[in-house]
Amino acid sequence: MSRVVGSRAVHLWSLHEDVVVEEDATGQGLVLRSRFGTERISRPDPLVREALRRMELGPVLLANVVPRASAAAEDATESAAAEDATDDATDDVTEGAYLVLLPVLDRLSHLIVRTLSWEDLRGPLLSVVSTSRDAPFAPVTLSARRLIRLIGDVSLTLEKAGFALARGTSPHRVQLHRPEAVWVVGLLAWPATPSDASSVLPLPPEVTQAVLSYLAAAGMTEDCGELMPHG
C-alpha cells in the first residue's frame, strides 16, 4: 500500500440521531429531547441555535458555523494595513464565538457524536457515541514515544455499518466506518507508540495520530509506559 499524502484530519460534530431540537413554550429557549431525557437552554445565543440546527441535520465542521469576521472587519480591506486589521478582527470574532459555543456543547456532550474524517472525500473514519449521561469527550494529545494498546476487555463487534468498539466501563462506543480506522485498531493488539504506528501505516501521520487520540479519549486504550531504547 502506498502512503497517502497531502490530507489532514477533520473533526466533525453532530447530534445523535435520536435527538430532537424544539422551541420551548416561550419561543425564546430550546428543548432537546433524547433517550437520556430533556435538556433546556434558556435564551441561547444565535450562534448556539445555528450550530444545533446544523448538527441535527448531520456532522458539521464548527469552523463553518462560527462567523469568520464581523461587519466592521469586512469593511477594512482597502489597504495592507487594513488587511492586517481584518485578520486581527477575524481572530477576535472567531475566538469569542468559540467561547460562546463550546461551553454549551460541553454541557450537551452526552447528546453529541464526535466524528473523525479526513480530506480524501471518502467519508468519515470513525465516530464516538455516548452511552451514558456522564460522558465528557475531548481528544487527547498522546506522547509519540509512549506505548499504548487496546485494553483487554474491549470488544470488537461486526455490525452492518462496520466494526464497533465497546468496553463495559467506558461511557463511549466507537464506530469504525472505514478500513483505515480498523488498521490502526489492529496495531493496538500489541503495545505500539504513536510514532511507530504513523511510520507503519500508509496514512498521513496526522490522521493516524488523530485516530489514536479519539480511541484514547473514548477509554479504549491504556498506557504501557515509555518505549525503552535498545541496547
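Data block above holds the structure.
First, a word on scope: everything that follows refers to the structure included in this document. (Residues numbered from 1 in each chain as written. Predicted model: local features only at pLDDT ≥ 70, side-chain atom pairs only at ≥ 80, totals over all residues. Heavy atoms only, no water.)

Bringing the sheet that holds strand 4 (residues 37-41) into the picture now. Strand order in this open sheet of three strands is 2-3-4, and the pairing throughout is antiparallel. Among the strands making up the open sheet, the edge pair consists of strand 2 (20-23) and strand 4. Recorded for the sheet is a direction-independent mean angle of 25° between the axes of neighbouring strands. One ladder, built from four bridges, connects strand 2 with strand 3 (residues 30-34); its direction is antiparallel. Across the sheet, residue Glu22 finds its bridge partner in strand 3, namely Val31. (Pairing = 2+ DSSP bridges. Helix = DSSP H or I, 4+ residues; strand = E, 2+ residues; numbered from the N terminus. Axes fitted to C-alpha atoms, helices over the stretch in contact; angles between N-to-C directions.)

Among the residues of helix 5 (residues 179-187), those classed as buried are Glu180, Ala181, Val184 and Val185. Seen end-on, helix 5 carries its buried residues on one side only, within an arc spanning 145°. Looking at the buried positions of helix 5, the neighbouring elements they touch are strand 5 (112-118), strand 7 (146-150), strand 9 (162-166), strand 10 (172-176) and helix 7 (205-217). (Buried < 20%, exposed > 50% of the residue type's maximum accessible area, 1.4 Å probe, protein only. Arc of directions from axis to C-beta. Contact = heavy atoms within 4.5 Å.)

What follows is about the packing of aromatic side chains. By the definition in use, this model includes one aromatic pair. The positively charged end of Arg114 is found above the aromatic ring belonging to Trp13, 3.7 Å away from the centroid. (Phe/Tyr/Trp six-rings, centres within 6.5 Å; stacked < 30°, edge-to-face > 60°. Lys NZ or Arg CZ within 6 Å of the ring centre and 35° of its normal.)

This part covers the sheet that holds strand 6 (residues 126-130). Strands sit in the order 1-5-6-10-9-8 across an open sheet of six strands; the sheet is antiparallel. Edge positions in the sheet fall to strand 1 (9-15) and strand 8 (155-159), since each of these pairs with one other strand and no more. Here the strands of the sheet are splayed against their neighbours by 20° on average, with no regard to which way each runs. Running over the sheet, helix 1 (residues 46-57) touches strand 1 and strand 5 and is turned about 95° from strand 1. Across the sheet, helix 7 lies against strand 1, strand 5, strand 6, strand 9 and strand 10, angled at about 160° from strand 5, the strand it touches most.

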